[in-house]
Amino acid sequence: MEIDFTPQTPATAAYRRLRPGASAAVLFLHGITGSPAAWTPIARAIGEEGLSVSVPLLPGHGSTWQELNRTGWREWNEAAVAEYRALGSAHERVVVAGLSMGGALALSLGTLDTPPAEILVVNPALRVDSPLAPGLGVLKHLVRSVPAIGNDIAHPDRDEHAYERTPVGAVASFSSALKGLRETLWTIDTPITVFVSGSDNVVGPRSLALLRSRLPRTPRIVSLRRSRHVATLDHDAPLIAEAILESARGGTAGDRE
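No experiment lies behind these values; they were computed from the predicted model shown. (Residues numbered from 1 in each chain as written. Predicted model: local features only at pLDDT ≥ 70, side-chain atom pairs only at ≥ 80, totals over all residues. Heavy atoms only, no water.)

Thoughts on the UniProt feature "domain: AB hydrolase-1" (unreviewed entry) in the chain
So, step 1. What UniProt calls "domain: AB hydrolase-1" (unreviewed entry) maps, in this numbering, to residues 26–239.
So, step 2. The span residues 26–239 is 34% helical and 17% strand by assignment, and the distance between its end C-alpha atoms comes to 16 Å. (UniProt positions renumbered as here; feature names shortened; annotations may be inferred. Helix = DSSP H or I, 4+ residues; strand = E, 2+ residues; numbered from the N terminus.)

Thoughts on the confidence of the model for the chain
So, step 1. When pLDDT is averaged along the chain, the result is 93; 97% of the residues meet or exceed 70.
So, step 2. Considering only residues more than four positions removed or in separate chains, one finds that residues 252–257, a stretch of pLDDT under 50, has 18 contacts. (pLDDT = per-residue confidence, 0-100. Contact = heavy atoms within 4.5 Å.)

What to know about the pattern of salt bridges
In a structure, side chains of opposite charge can pair up when their charged atoms sit close to one another.
So, step 1. Taken as a whole and assessed by the stated rule, the structure comprises ten salt bridges.
So, step 2. A salt bridge links R249 to E49; the nearest nitrogen and oxygen atoms lie 3.1 Å apart. Taken together, the residues span a long stretch of sequence, with R249 in the loop between α8 (237–248) and α9 (253–256) and E49 in the loop between α1 (40–47) and β3 (52–55) at a distance of 200 residues.
So, step 3. The class of R249 is exposed, set by a relative accessible area of 54%.
So, step 4. Of the charged contacts, one joins D236 and R226 as a salt bridge, the two residues approaching to 3.5 Å between their closest N and O atoms. (Salt bridge = Lys/Arg side-chain N within 4 Å of Asp/Glu carboxyl O. Buried < 20%, exposed > 50% of the residue type's maximum accessible area, 1.4 Å probe, protein only.)

So, the pairing of strand β2 (residues 24–29)
So, step 1. Extensive coverage of β2 is indicated by the burial of six of its six residues.
So, step 2. Summarising the sheet, β2 and strand β4 (residues 93–99) pair through six bridges and their orientation is parallel. Residue A24 lies in a different strand from β4, and its bridge partner there is R93.
So, step 3. Inspection of the sheet shows β2 paired to β3 by three bridges, in the parallel sense. Residue pairing for β3: V26 is matched across the bridge by V53.
So, step 4. Regarding the hand of the β-α-β motif, the stretch spanning β2, α1 and β3 is right-handed. (Pairing = 2+ DSSP bridges. Right-handed = clockwise from strand over helix to strand, strands pointing away.)

Notes on the UniProt feature "active site" (unreviewed entry) in the chain
So, step 1. As recorded in UniProt, the feature "active site" (unreviewed entry) lies at S100, D200 and H229. A maximum C-alpha distance of 10.7 Å is found for the annotated residues, which run over 130 residues; spatially they form one tight group.
So, step 2. Topologically, S100 is positioned in the loop between β4 and α4 (101–109).
So, step 3. Judged by its relative accessible area of 7%, S100 is buried.
So, step 4. Beyond its immediate sequence surroundings of up to four residues, S100 is in contact with G31, V122, N123, P124, A125, V203 and H229.
So, step 5. By secondary structure assignment, the location of H229 is in the loop between β9 (220–224) and α8.
So, step 6. Contact partners of H229, with chain neighbours within four places excluded, come to L99, S100, V122, N123, D152, S197, S199, D200, V202 and V203.
So, step 7. Engagement of the side chain of H229 in a polar contact is seen with the side chain of S100, the distance being 2.9 Å. (Polar contact = N/O pair within 3.5 Å; in protein donor to acceptor, adjacent residues only side chain to side chain.)

So, in structure tokens, the structure goes:
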């Protein structure tokens, strides 16, 4: 599949293309401090294959890190659920793909009464991998932001347009919500594919270990040997795109094993 990584204007804007008559749609969810730019090239390519696609801009993103600090998991999850249900009302099959925090949101959609047909997650975050994580609830009142976590990409010419700082309050909200999400993983019966980069400076191996141990069915694991955390913009992006397209067209992780 050909993917055009040419920067769009504005790069951080939501991308949505609904195909008349399409029976399937793909919802793409970006990571914390990131933007739709992380998924838009893949979404455009899949949209050219005749499927409906949507890459929403999650609340607090696409503006300033200070604005993100005024939002949290509840707002991000509500936005994801709203877009998922909107796609579901117009399509027979909806597949959800998420990167990092977007992977956690995708898994959360798997706990709904009507879950996605399949979930595909790229370096999903199930824990905040920082020694400061246990104290985030207090730290957010003392420190507003820490250095950026965005653009962990091996390819030299790609940019996810992430914030230049990481807001502590938003991360604290995310970390707190993940505790509850980890306790509900056992309820997700949707087929899940997990893409794992060979080098990831944002999400550690504990998140993958949690998925393997707590999901009721074994997820399919796909190694991305040439990519870092934002693999959707990295060397292995075509592999991710092909898997999402196959899933949206009706193939599941179980079918591919």
